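Each chain is listed here by its residues.
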Amino acid sequence: MHANIQLLILGAAAGTLYALLASGLLIVFRSSRVLNFAHGAIATVGAYSYLFLIHELGWPKIPAVVGGVLASTAVGVAFDLLFMRRLRHADPLARLVCTLGLMVLIHALIHPVFGKEDPVPVQLFPTDTLRLPFGEPAFIIGLDRVILIVITVVICALLWALYAFTPFGRATRAAADNERAAQLLGVPPQRLEMLNWALGSALAGLAGIFLSTLQQPSLNAYTQVLVTAIAISLVAGFRSFGLLVVVGTVLGSCSALLLRYSQRLAEATGVPGWDQALPLLVIIGAVVIGGRSVVPKGAETSRSLPPARLPERPWRWAAVAAAAGVPWFLLAPIGLVDPTTVSLIIAVALMSLVVLTGYCGQISLGQMTVAAVGALGAGRVLEHVGLTPPLALLAGGLLAVPVGFLVGLPAVRVRGVNLAVVGLSVAIVMDATVFSSERLTGAGLGLKYPTASVFGIDMNGITQQRAFGIFTLVITVLAGAFVLYVRRSPLGARFLAVRANERGAAAQGLSVGATKLQAFAIAAFIAGVAGALLGYRSQQIAWASFEFFTSITLVSVLYLGGITSVGGCVLGGLLLANGGLMAHVFSFSGHAHTIVNVLSGLGVMSIVIMHPEGLAGVPRQIAEALRGRRRPGPDTGGGGPGGAHRPAVKAAAGPALAEERAR
Amino acid sequence: MRNKDRRRSKHAIALAAASTLICLLAAACSSADGDSTAGEGALGTIPPDSPSPAKSTLTFGSISADTGPVILSSIADGTEAWARYVNTHGGIGGHPVKIVRCDDGLDATKNQDCARRLIQDTSVLAVIGGETVVTPLVAAPLLNQAGLSYLSTETTGEGEMKGPAMFAITGGAITQFAALAKHFPANGAKKVALVNAASTSSSKAAARTTEEVKAAGGSVVATVFAKPGTPDYSPVATQLLSANPDVIFTGVTPTDLPALVRAIRQQNPTVKIATLASQWPATTVKTLGDTKDGLYMATDWAAFPDDSADPDITAMRVMLHRMGRQASFGQGSMSGWLGGRAMEAAIAGMKDDKITRAGLTAHLRAATLTVKGVPVPLTLPKGSAPGGYDGLANPSAYINQWKGDDLKQVALVRDVFAPAGG
């Protein structure tokens with residue numbers, strides 16, 4: 001019991017620090033109605049700047065803290081001025097993706113800017129041990145922890161007062177509740193938003209600096225802490241600073257207490273990571289039960305996702321892909337073959353998001369986790385049954401479907417950023433438990449794929465790269481055809497109807513929940529196939545290839561390529577997949593990863609503003625510009641051969657058609 | 001409306017121009033690549049220092065983490081230093097030596113890519129150690145599958161070092177844990193608490209350490225696995241200390257070590273803490289600060305930072321200095337250097353036409369590396385592993401050969417680092 005209470009006390013200290021990080025998140029959310037996924041990266045900028053100023057420029061600690069906070073503030077303000085301000089009325093997904101772009105950009109640049117090694121932490125506060133006046137023996141806590149708790153509580157109290165009693169706070173709340181009304185009353189929403197971004201980013205920087213006193217700062221560590229901060233914000237309902245501190249304290253204490261029992265749980269279940277997973281599972285439950293009331297309603301959006309056009313003569317494109325791809329795989333220098341294969345596999349994974357997000361409007365930040373399940377399923381099946389690769393891919397896809405279904409269940413009750421966070425939490429839970437379990441997945445060792453052949457040709461992604469590349473090309477073309485088939489089918493029309501207006505779709509008699517689950521299931525199947533392909537390509541599945549950050553970058557890559565377009569998937573895979581063709585091309589510099597991520601981050605932030613259809617829509621627009629006239633696409637809405645002639649589906653697709661016609 | 005369309009068209013044209021520029025750049029770079037290996041990825045080559053003899057160049061690969069969350073480049077630096085040293089002394093039997101490095105950023109996907117590139121580069125005869133966290137798990141099996149020998153400079157665990165072309169020069173973490181397990185119970189610290197990074201190799205190392213502690217008459221009273229990058233180690237420290245141990249063995253990542261030690265010290269200033277010499281980055285010692293005073297460390301023969309009487313160490317220090325690098329501690333530059341020396345030993349008796357991947361693998365099986373007068377086999381004797389020879393399928397047996405005098409054992413970190421100057 002004594003140890004348990006001690007753990008609760010110590011966990012509370014870390015929990016309040018999470019709450020400080022979450023407070024910056026809350027401020028930005030209130031003013032911009034965006035969940036800032038770059039908040040952890042901005043915190044990293046603060047921490048690295050602080051340590052850079054101390055180590056490299058010899059600044060004293062307090063000025064360095066100010067410098068670190070100012071650096072974070074500058075990043076936040078610049079991001080608002082350059083990007084978020086132009087996205088005030090954009091689709092929530094576009095705003096969220098823009099913050100993902102900033103996160104990817106900061107991740108790419110932090111080491112080139114601050115040096116390749118993570119900086120040495122510097123103690124900001126005295127680390128003496130305090131003995132509390134109770135407990136036998138007396139409970140103890142570090143003085144630095146006590147100082148952090150006090151600072152966090154004071155800051156949260158000041159923030160509460162700022163937003164409750166000052167004209168700035170009242171104006172911010174007014175603008176958040178009803179921007180147009182606030183504008184009529186003379187409140188300048190853009191300036192308010194900038195000030196709130198500045199304050200939120202400053203708090204991120206401060207939290208980052210404080211965190212660096214507890215642990216070696218690193219991008220990965222801060223991203224994981226951000227997820228906890230987001231979870232705290234969600235449970236606290238993005239409402240109250242006081243509630244943030246309470247939830248953060250409780251969560252921190254529970255996590256610390258769970259550590260005591262996680263080893264026993266791991267031994268009993270064969271699955272590790274319960275101390276990380278259980279709090280997130282509870283939060284997922286809370287968010288799902290909380291349903292739509294968790295996130296307050298924002299201002300109306302004037303734009304939505306880009307139109308889900310059908311390409312003209314899709315089979316011609318397939319033929320062109322085959323005609324160009326097969327000679328490429330046969331004749332290209334061997335060094336380019338595998339990167340092309342990787343690009344195509346990523347394109348297949350992106351296609352799953354086209355169905356889910358592009359067609360049905362559901363956000364998933366855990367799609368690579370679903371792909372991992374496909375890889376695992378195919379690997380396990382291959383262990384026991386000697387399937388040929390096509391059947392193994394099918395098995396991987398089918399085994400991923402139940403998981404996709406489960407991941408999609410929360411979508412029945414939650415949507416938007418909440419759904420994104422639930423997906424991300426599921427991904428992190430899977431990382432910490434299933435993919436860390438030696439018994440289930442081989443953990444760090446991963447899973448070996450046995451070699452197999454198709455028509456007598458060895459499908460070994462390492463030794464038979466050309467043959468495997470052609471095999472992947474065939475699968476990519478088939479996956480693209482499948483996605484287009486879905487788009488043309490009545491089901492695709494229902495997806496578009498749900499995407500356009502859930503209430504409208506429901507009013508037309510459509511089961512919105514069932515439609516969403518169908519989208520999740522189809523997307524999971526495609527992602528599972530991509531996962532199994534990755535397994536064949538490597539002959540051994542390394543779960544690190546499927547970690548949650550990969551899922552995040554997948555969304556940003558797709559948005560850049562074109563979130564509603566199969567061609568966008570291929571473009572995204574070729575241009576921006578890590579390990580893909582473009583990354584290989586840039587590898588001459590020795591910084592391919594950095595270059596690709598910088599292009600990806602900058603590109604996605606620019607594209608959401610300039611061209612939401614993504615790069616895939618550029619040729620069409622150029623063609624239209626050259627023709628000097630706008631001609632509607634062959635099918636821009638939910639109609640099409642598969643849907644328009646069926647009255648029920650046509651009715652269901654009504655909102656989608658209306659949306660498209662409104663353009 | 002028309003203005004909007006025009007604006008969109010302008011945006012589209014701007015984007016198209018940017019895309020075209022990228023594609024042109026890509027095409028230019030692609031055509032400049034020439035063969036499949038030149039200019040690939042993070043591959044960089046180190047040219048021979050001295051004029052090449054007429055004989056063909058012997059190329060070895062090394063995977064290192066020159067970027068990423070933890071920098072683990074010291075082993076590859078050591079191998080590179082060895083190559084330069086050999087080249088200034090006429091190469092191996094007249095053959096100049098080249099090291100092809102690949103940076104995996106401590107990322108499994110990039111690690112796979114490194115393995116793939118080294119396999120594709122048919123000039124690469126074998127791969128020497130390097131980054132020792134991901135490589136033994138991911139790249140090493142792939143290299144073996146392709147018939148490319150992998151010489152581990154830090155064996156990380158049982159189950160990973162399987163394969164007909166898997167070799168090692170040291171037992172690494174398992175060996176060092178064994179040294180700790182042997183030392184502390186024998187010196188009165190019988191209750192041991194273990195804290196390891198949450199990973200497969202760590203859990204296996206922990207299981208093995210538990211056996212070793214029991215065999216030495218002690219007992220493991222607590223075992224905790226902490227996720228690398230844990231934001232606050234205080235609860236971990238509480239969990240460990242609640243079992244009232246005499247000593248805490250820690251195998252957390254070097255970057256996490258200072259935070260863990262500080263958290264333990266806050267709650268118990270006197271408990272003994274013992275750790276491993278596993279590729280410590282330069283920042284670790286600085287970050288430890290005063291807390292390193294009560295910290296014990298196990299090192300094995302491949303992890304010595306300084307020994308002025310040892311010609312290998314002296315030569316390595318000189319070459320590293322010329323390269324602008326510093327000798328590192330832990331399974332670092334010395335391991336990389338010795339990996340090269342092991343290759344030298346294997347190739348010494350080979351005819352020129354037999355120096356191929358398969359030929360080298362066969363010779364590595366029979367080769368021994370002599371360190372300080374002690375012969376070190378690079379693999380188990382045939383038949384000692386269950387089911388016959390399977391590389392290092394049973395590293396425990398391998399490690400057991402090297403207990404005793406070859407482990408330098410346990411010393412205060414402060415004293416260990418004193419000669420190296422931190």
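Reading the values: rules and limits
Residues numbered from 1 in each chain as written. Chains lettered and ligands numbered in written order. Predicted model: local features only at pLDDT ≥ 70, side-chain atom pairs only at ≥ 80, totals over all residues. Heavy atoms only, no water. Helix = DSSP H or I, 4+ residues; strand = E, 2+ residues; numbered from the N terminus. Buried < 20%, exposed > 50% of the residue type's maximum accessible area, 1.4 Å probe, protein only. Contact = heavy atoms within 4.5 Å. Areas by Shrake-Rupley, 256 points an atom, 1.4 Å probe, with all protein chains shown as cover. Lys, Arg positive; Asp, Glu negative; His and termini not counted. Charge placed at Lys NZ, Arg CZ, Asp CG, Glu CD. Domains from an automatic or database assignment. Buried area = accessible area lost by both parts, 1.4 Å probe. Salt bridge = Lys/Arg side-chain N within 4 Å of Asp/Glu carboxyl O. Polar contact = N/O pair within 3.5 Å; in protein donor to acceptor, adjacent residues only side chain to side chain. Phe/Tyr/Trp six-rings, centres within 6.5 Å; stacked < 30°, edge-to-face > 60°. Lys NZ or Arg CZ within 6 Å of the ring centre and 35° of its normal. Pairing = 2+ DSSP bridges. Core = buried A, V, L, I, M, F, W, Y, C linked by side-chain atoms within 4.5 Å. Disulfide = S-S within 2.5 Å. Axes fitted to C-alpha atoms, helices over the stretch in contact; angles between N-to-C directions. Parallel < 35°, antiparallel > 145°, perpendicular 65-115°, else oblique. Left-handed = near helix turned anticlockwise from the far one by under 90°. Nonpolar A, V, L, I, M, F, W, Y, C, P; charged D, E, K, R; others polar. pLDDT = per-residue confidence, 0-100.

## Focus: the overall build of chain A
Counting its regular elements, chain A contains 28 helices and 6 strands. Across its three principal directions, the C-alpha atoms of chain A cover 75 × 60 × 50 Å. Evaluated residue by residue, chain A yields a buried proportion of 61% over its 663 residues. In chain A, 78% of the contacts between residues at least 6 apart in sequence involve partners at least 24 apart. Carbon and sulfur atoms make up 67% of the accessible area of chain A, which amounts to about 23,700 Å² in all. Put simply, chain A has 45 plus and 27 minus side-chain charges, and the middle of one group is 11 Å from the middle of the other.

## What to know about the domain arrangement of chain A
Residues and elements named next belong to chain A. Assigned domains within chain A: domain 1 (2–289) and domain 2 (314–662). Distance from the C-alpha centre of domain 1 to the C-alpha centre of domain 2: 32 Å. Contact with domain 1, which involves 41 residues of that partner, is made by 42 residues of domain 2. Of the roughly 3,500 Å² buried between domain 1 and domain 2 on both sides combined, carbon and sulfur atoms contribute 85%. Per-residue buried area on domain 1 facing domain 2 is highest for Leu93, Val104 and Val288; these three make up 15% of the total on that side. Joining domain 1 to domain 2, the criterion identifies 0 salt bridges. Our enumeration of links across domain 1 and domain 2 arrives at 0 residue pairs in polar contact (both at pLDDT 80 or more). The set of elements that each furnish at least two residues to the side of domain 1 that touches domain 2 consists of helix 3 (61–82), helix 4 (92–114), helix 9 (219–235) and helix 11 (274–290).

## A short note on unusual backbone geometry
For Asn244 of chain B, which is not glycine, the phi dihedral falls at a positive 55°. In this structure, Asn244 of chain B sits in the loop between helix 7 (234–241) and strand 9 (247–251).

## Quick look at the packing of aromatic side chains
Under the counting rule described, the total for this entry stands at 15 aromatic pairs over all chains. Between Tyr163 of chain A and Phe168 of chain A the ring centres are 5.7 Å apart and the planes differ by 50°, which places this aromatic pair in the tilted class. Given a relative accessible area of 3%, Tyr163 of chain A falls into the buried group. Where Phe184 of chain B meets Phe249 of chain B, the ring centres are 5.7 Å apart and the plane angle is 55°; that geometry is what we call tilted. Here the residue Phe184 of chain B occupies a position in helix 5 (residues 172–186), and Phe249 of chain B occupies one in strand 9, the gap between them amounting to 65 residues. In this structure, Phe184 of chain B and Phe249 of chain B share a single accessibility class: buried. An aromatic cluster of three or more residues is present, and its members are Tyr48, Phe52 and Phe114 of chain A. The side chain of Arg30 of chain A reaches across the aromatic face of Tyr163 of chain A, ending 5.5 Å from its centre.

## Observations regarding the pairing of strand 7 (residues 191–197) of chain B
Residue and element names in this part refer to chain B. Of all 7 residues in strand 7, 6 are buried, a share of seventy percent or more. As defined by bridge partners, strand 7 adjoins strand 8 (residues 219–226) across 7 bridges and the pair is classed as parallel. Among the inter-strand pairings, Ala193 is bridged to a residue of strand 8, identified as Ala222.

## Observations concerning the nonpolar core
By size, the foremost hydrophobic cluster in this structure holds 199 residues, and its most contacted members are Phe37, Tyr50, Phe495, Phe546 and Tyr559 of chain A. The dominant element in this core, judged by the number of residues it contributes, is helix 21 (residues 512–538) of chain A, at 15 residues. With sequence-adjacent residues up to four places away left out, Phe37 of chain A is seen in contact with Leu96, Thr99, Leu100, Met103, Leu226, Ile230, Leu365, Val421 and Leu424 of chain A. If you look at the next biggest cluster of nonpolar residues, it comprises 38 residues, including Leu58, Ile92, Met343 and Leu360 of chain B.

## So, the pattern of salt bridges
Per the counting criterion, the structure on display carries 12 salt bridges over all chains. Between Asp338 of chain A and Arg537 of chain A there is a salt bridge whose closest N-O contact spans 2.7 Å. Taken as a pair, Asp338 of chain A in helix 13 (residues 334–359) and Arg537 of chain A in helix 21 lie far apart in primary sequence, 199 residues in all. A salt bridge links Arg101 of chain B to Asp66 of chain B; the shortest N-O distance between them is 2.9 Å.

## Observations concerning the state of the cysteines
A covalent bond bridging the sulfur atoms of two cysteines is what the word disulfide describes. Residues and elements named next belong to chain A. This structure, assessed with the given rule, holds 1 disulfide over all chains. Considering cysteine sulfurs only, Cys254 is the nearest to Cys156, which forms no disulfide, with 19 Å between them. Not part of a disulfide, Cys360 finds its nearest cysteine sulfur in Cys569, a span of 16 Å. A relative accessible area of 0% places Cys360 in the buried class.

## Section: the environment of Ala19 of chain A
All names here are of chain A. Locating Ala19 in the fold gives a position in helix 1 (residues 2–32). For Ala19, a relative accessible area of 0% puts it in the buried group. Apart from residues no more than four positions distant in its own chain, Ala19 is found in contact with Ile232, Leu244 and Val245.

## Observations regarding the packing of helix 9 of chain A against helix 16 (residues 416–432) of chain A
Residue and element names in this part refer to chain A. Put simply, helix 9 and helix 16 touch, their axes get as near as 11 Å, and they point 135° apart. For the element pair helix 9 / helix 16, the angle class is oblique. Crossing of helix 9 over helix 16 shows left-handed handedness. When helix 9 is examined against helix 16, the residues Val227, Ile230 and Leu234 are found in contact with a partner set consisting of Asn418, Val421, Leu424 and Ile428. Classifying every residue of the contact of helix 9 with helix 16 by side-chain character gives 6 nonpolar, 1 polar and no charged.

## Here's the deal with helix 23 (residues 566–576) of chain A
Residue and element names in this part refer to chain A. Of the positions making up helix 23, those classed as buried are Val566, Gly568, Cys569, Gly572, Gly573, Leu575 and Leu576. Where helix 23 is buried, its residues contact helix 13, helix 18 (465–488), helix 22 (548–561), helix 24 (581–585) and helix 25 (592–610). Where helix 23 begins, one side-chain oxygen reaches toward the backbone nitrogen of Gly567, 3.1 Å away; that side chain belongs to Ser565.

## What to know about the confidence of the model for chain B
Residues and elements named next belong to chain B. Residues of chain B with pLDDT of at least 70 account for 69%, and the chain-wide mean is 74. Confidence scores differ between elements of chain B, with strand 1 (residues 44–46) showing the lowest mean pLDDT of 40 and strand 2 (residues 58–64) the highest of 93. Here residues 403–407 is a poorly scored stretch, pLDDT under 50, and it has 14 contacts once near neighbours within four places are set aside; other chains count. Two summary scores accompany this predicted model of the complex, namely pTM at 0.77 and ipTM at 0.74.

## What to know about the side chain of Asn36 of chain A
Residues and elements named next belong to chain A. Along the chain, Asn36 turns up in the loop between helix 1 and helix 2 (39–55). A residue is classified by how much of its surface remains accessible, and Asn36, at 1% relative accessible area, is buried. A polar side-chain atom of Asn36 sits 3.0 Å from the main-chain amide nitrogen of Ala38. With residues near it in sequence (within four places) discarded, Asn36 still touches Leu25, Val28, Ile42, Thr99, Trp197 and Leu226.

## Describing the pairing of strand 3 (residues 97–103) of chain B
All names here are of chain B. Of all 7 residues in strand 3, 6 are buried; the element is thus mostly enclosed. As judged from the 7 bridges shared by strand 2 and strand 3, these two strands associate in the parallel manner. Across the sheet, residue Gly61 finds its bridge partner in strand 3, namely Val100.

## Here we look at the environment of Trp274 of chain A
Residues and elements named next belong to chain A. Inspection of the secondary structure puts Trp274 in helix 11. Taking C-alpha positions, Trp274 is 6.8 Å from Thr433, a pair spaced 159 residues apart along the chain. If we ignore the near neighbours within four places in the chain, the residues touching Trp274 are Leu258, Ser262, Leu265, Ala266, Thr269 and Pro279. Side-chain polar atoms of Trp274 contact the side chain of Thr269, separated by 3.1 Å.

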